[in-house]
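Spelled out from the first residue to the last, the chains are:
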Amino acid sequence: MNGRPLLNRRLEGLGTTIFAEMSALAVETGAINLGQGFPDTDGPESVREAAVRALRDGRGNQYPPGAGVPELRAAIAEHQRRFYGLEFDPDTEVLVTAGATEAIAAAMLALLEPGDEVIAFEPFYDSYAASIAMAGGVRVPLTLRAPDFRPDLDALRAAVTPRTRLLLLNSPHNPTGMVLTRDELTAIAQLAVERDLLVVTDEVYEHLVFDGEHTPLISLPGMRDRTVSISSAGKTFSFTGWKVGWVTGSPELVAAVRTTKQFLTYVASGPFQYAIAEALALPDPYYAAFRDDLRTKRDLLDAGLRDAGFQVYEPQGTYFITTDITPFGETDALTFCRTLPTRAGVVAVPNSVFYDHPTAGRTQVRFAFCKQHAVLTEAASRLRKAFGG
Ligand code: PMP
Ligand code: GLN
C-alpha cells in the first residue's frame, strides 16, 4: 500500500492491549489470571434476572434512545443525588455510553483540537493514551511515585501551559489504588478554575474505596460546569461485559460528548441498560457489602504477596494491588509478567506499560484481587512456593 504503514501514525505502537495479551497467556498456560481486572463471580442475581426480563419483554432489543433509556438516565441522576447530593437533569445532563471507555474516547474527540495538551497522572489506564491520540491531542504525563503515589500538586501547576485544554483524572486510581483526598481535589479544582481548564474524571471505582471516601471533583466549587464526570456499572455491579457507562455534567458538556458518542456506537447494551437502572437502585447494604468483600480480598492478597516477598503498596481503593519485584533482583516487569505463568502459575500485569516515563514503573507489577477467596489463596500459595524462602 504505497509502503505506508496501515495503522495511522497517531496510533503507532499501541498494538494489542496488555490486558488482552496477559489474558491470552492465562488461557494458554492455565495459570490463575490476576491480570485483567474482571471479577470471577457475576453480580447480583436480581440484576441478571432484570436483564433477562428486559430481553423477554422486548425492552431494549431495538435501538434505545441515543442518550440512553429514560429509566437508566433517571437512575443515574438519582444515584448522584443519593451518594453525593448532586442534582443532574436526566434529560440534558446525563448520557449513557458503551462503558467508561467510550465515554472517555467520546470526551477526548469532542473536546480536543489537534495539538491540545491533556495532563494525566501516570501510570495511566491504557485507553487514555489511545483516546487522546485518536483526538490528535498531546498527553502530558505527571508521574505518581511509590510508595504513596500521591500527586505532586506543584508539578501539576507547573505542567499547565497555554496549550493545556484539560486534565484527565482517575480516582480511585488504576493501577496504583491511590484515592485523591478532598484537599488534593480542592487544589486541583482551584487550579482548573484559575487556568480555565476542563476536567474529565474517570470514577469507575467510585464504590471501591477502602480507606477514606470518594469525592466527585464535580461537587467542588467552580467545577459543575467544567467537569465531565464518567463512571460505569462494570466494576460496581460485577458485569464488566455489559459495557454500560455514563457521563454526567452540564448540558453543554454532555451535548458535546453526545455529539461524538452518537457517531461511535450511537447506542449500546439496550436490555442491559434497564437492568443497570435496577442495579443502581439497590439499597445501601449492597454497596457496603460489595466494598467490604473486596476489602477482605485486598487484605488476603496483600498478605499473601508480602509473604511471597513482594514489596507491596497497599491500595486505598480499586481492586488492584501494585507491587515491586526489586526484592527478587528482577529489573523488568514486562519480562517478569511474561514468564510468571510458567514460573508460578499466576498471571499479573506490568505497570511499566502504563507509563511514558521510561524507568518510573520498570519494576512494578499489578495483581487483581476481584477473585474468589480460594483463588486468591491458591495464587498466594503458588507465589510463595515460587519466590518465598
Ligand atoms: N477506566 C478505568 C480506570 C478502568 O480501570 C476501566 C476498566 N475497565 C475503564 C475505565 C473502562 O471501563 P468500562 O469497562 O466501563 O469501559
Ligand atoms: N479495566 C481492566 C483492567 O484494568 C481491563 C479492561 C480491559 O481489558 N480493557 O484490568
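As a reminder, the structure under discussion sits directly above these lines.
Residues numbered from 1 in each chain as written. Chains lettered and ligands numbered in written order. Predicted model: local features only at pLDDT ≥ 70, side-chain atom pairs only at ≥ 80, totals over all residues. Heavy atoms only, no water.

## What to know about the overall build of the chain
Here is the rule: Secondary structure elements are taken from DSSP: a helix is a run of H or I of four residues or more, a strand is a run of E of two residues or more, and numbering for both begins at the N terminus. Throughout, the radius of gyration refers to the C-alpha atoms, and the reference size of a globule is 2.2 Å times the residue count to the power 0.38. Exposed residues in this analysis have more than 50% of their type's maximum accessible area, buried residues have under 20%, and partly exposed residues fall in between, with area computed by a 1.4 Å probe over protein chains only. Residue contacts follow a heavy-atom distance rule, with two residues in contact if any of their heavy atoms lie within 4.5 Å. To be clear on the numbers: accessible area is Shrake-Rupley with a 1.4 Å probe, and residue cover counts the displayed protein chains and nothing else. Residues scored as positive are Lys and Arg, those scored as negative are Asp and Glu, and His as well as the terminal groups of each chain are ignored. Every charge is mapped to an atom, namely NZ of Lys, CZ of Arg, CG of Asp or CD of Glu.
Regarding its fold elements, the chain presents 13 helices and 13 strands. Expected size for 389 residues packed as a compact globule is a radius of gyration near 21 Å; at 21 Å, the chain falls within 12% of this value. If one aligns the C-alpha atoms of the chain with their principal axes, the spans along those axes are about 60 × 55 × 50 Å. Relative to its 389 residues, the chain shows a buried fraction of 57%. The contacts of the chain with a sequence gap of at least 6 include a subset with a gap of at least 24, amounting to 76%. Of the roughly 16,000 Å² of accessible surface on the chain, 52% is carried by carbon and sulfur atoms. The centroid of the 37 positive side-chain charges in the chain is displaced by 4 Å from the centroid of its 47 negative side-chain charges.

## Quick notes on a nonpolar patch on the surface
Under the convention used in this document: Candidates for patches are residues over 30% relative accessible area with no salt bridge; among them, like charges are joined within 9 Å and nonpolar side chains (Val, Leu, Ile, Met, Phe, Trp, Tyr) within 5 Å. In the sections that follow, a salt bridge refers to a side-chain nitrogen of Lys or Arg positioned within 4 Å of a carboxyl oxygen of Asp or Glu.
A contiguous nonpolar patch, built from Leu 109, Met 134 and Leu 264 and spanning about 240 Å² of accessible area, is present on the exposed surface. Using a relative accessible area of 32% as the deciding quantity, one classes Leu 109 as partly exposed.

## Remarks on the layout of surface pockets
For the record, the criterion: Every definition here rests on a 1 Å grid over the protein atoms only: cavities are sets of points where a 1.4 Å probe fits but cannot get out, pockets are open sets enclosed by protein on both sides within 12 Å along at least five of seven lines, and lining residues have some atom within 4 Å of a point. Grid points are joined across faces, edges and corners, and a volume is the space filled by probe spheres set on the points. Any residue that is not Ala, Val, Leu, Ile, Met, Phe, Trp, Tyr, Cys, Pro, Asp, Glu, Lys or Arg is counted as polar, Gly included; the first ten are nonpolar and the last four charged.
Its volume calculated, the second largest pocket comes out at about 340 Å³. What lines the second largest pocket is a set of 18 residues, and nearest its centre among them are Glu 206, His 207, Glu 213, His 214 and Arg 291. Of all the secondary structure elements, the ones that give two or more residues to the lining of the second largest pocket are α3 (70-84) and α11 (284-308). Looking at the lining of the second largest pocket, the element that brings in the most residues is α11, giving five residues. Partitioning the lining of the second largest pocket into residue classes produces seven nonpolar, five polar and six charged.

## Section: the packing of aromatic side chains
Our working definition: Stacked, tilted and edge-to-face pairs are distinguished by plane angle, under 30 degrees for stacked and over 60 for edge-to-face with tilted covering the rest, among Phe, Tyr and Trp rings (Trp via its six-membered ring) whose centres lie within 6.5 Å.
Scanning the model with the defined rule gives 23 aromatic pairs in all. On the numbers, 4.5 Å between centres and 20° between planes, the contact of Trp 242 with Phe 272 is stacked. Taken together, the residues span a long stretch of sequence, with Trp 242 in the loop between α8 (233-236) and β8 (244-248) and Phe 272 in helix α10 (residues 270-280) at a distance of 30 residues. The buried category is assigned to Trp 242, whose relative accessible area is 12%. Looking at Phe 272, the relative accessible area reads 27%, which means it is partly exposed.

## Considerations on the site of ligand 1
This is how it is decided: If even one non-hydrogen atom of a residue comes within 4 Å of a molecule or strand, that residue is called near it. Identification of polar contacts relies on pairs of N or O atoms within 3.5 Å, with a donor-acceptor requirement for protein atoms, meaning one able to donate a hydrogen and the other able to accept it, and with residues adjacent in sequence counted only if both atoms are side-chain atoms.
Taken together, Gly 99, Ala 100, Thr 101, Tyr 125, Asn 170, Asn 174, Asp 202, Val 204, Tyr 205, Ser 232, Lys 235 and Lys 243 form the complete shell of residues around ligand 1. Side-chain polar atom of Lys 235 to a nitrogen atom of ligand 1: 2.5 Å apart, as the coordinates give it. One of the side-chain N or O atoms of Lys 243 is found 2.7 Å from an oxygen atom in ligand 1. In the complex, 94% of the free accessible area of ligand 1, which totals 390 Å², lies under the protein chains. A total of three residues in the shell around ligand 1 trace back to one element, the largest contributor, which is helix α4 (residues 99-111). Broken down by class, the residue content of the shell around ligand 1 amounts to four nonpolar, five polar and three charged.

## Some points on the site of ligand 2
The environment of ligand 2 is made up of Phe 19, Gln 36, Gly 37, Tyr 125, Asn 174, Tyr 205, Lys 235, Phe 320 and Arg 366. One nitrogen or oxygen atom from the side chain of Lys 235 is found 3.3 Å from a nitrogen atom belonging to ligand 2. Contact with the protein chains hides 79% of the accessible area of ligand 2, taken as 300 Å² for the molecule alone. In terms of residue class, the shell around ligand 2 is made up of four nonpolar, three polar and two charged.

## A few points about the pattern of salt bridges
One pass over the full model with this rule turns up 26 salt bridges. The residue Arg 73 makes a salt bridge to Asp 91 at a minimum N-O spacing of 3.2 Å. Here Asp 91 lies in the loop between α3 and β2 (94-98) and Arg 73 lies in helix α3, a separation of 18 residues in the sequence. Classification of Asp 91 as exposed rests on a relative accessible area of 54%. Each member of the salt-bridge network shares a partner with another, and the members are Asp 211, Arg 298, Asp 299 and Glu 314.

## Observations concerning empty space enclosed by the protein
On inspection of all chains with the given rule, the structure shows one cavity of 30 Å³ or more. By volume, the largest cavity amounts to about 60 Å³. Contributing to the lining of the largest cavity are Leu 169, Asn 170, Ser 171, Leu 180, Leu 185, Thr 201, Asp 202, Glu 203, His 214, Thr 215, Pro 216 and Leu 217. Going through the elements one at a time, β5 (164-170) and β6 (198-202) are the ones with two or more residues in the lining of the largest cavity. Here the lining of the largest cavity is built from residues that sort into five nonpolar, five polar and two charged.

## Focus: the sheet that holds β6
Selection criterion: Criterion used throughout: strands pair if DSSP finds at least two bridges between them. Axis definition: a line fit to C-alpha positions, over the contact stretch in the case of helices; interaxial angles, taken between N-to-C directions, run 0 to 180 degrees.
Ordered in space as β2-β8-β7-β6-β5-β3-β4, the seven strands form an open sheet in which the pairing is mixed. Strands with a single pairing partner mark the edges of an open sheet, and in this sheet they are β2 and β4 (138-143). For this sheet, the mean inter-axis angle between neighbouring strands, taken without regard to orientation, is 25°. Sheet analysis places β2 next to β8, joined by five bridges and oriented antiparallel. Note on β8: the bridge partner recorded for Val 96 is Trp 246.

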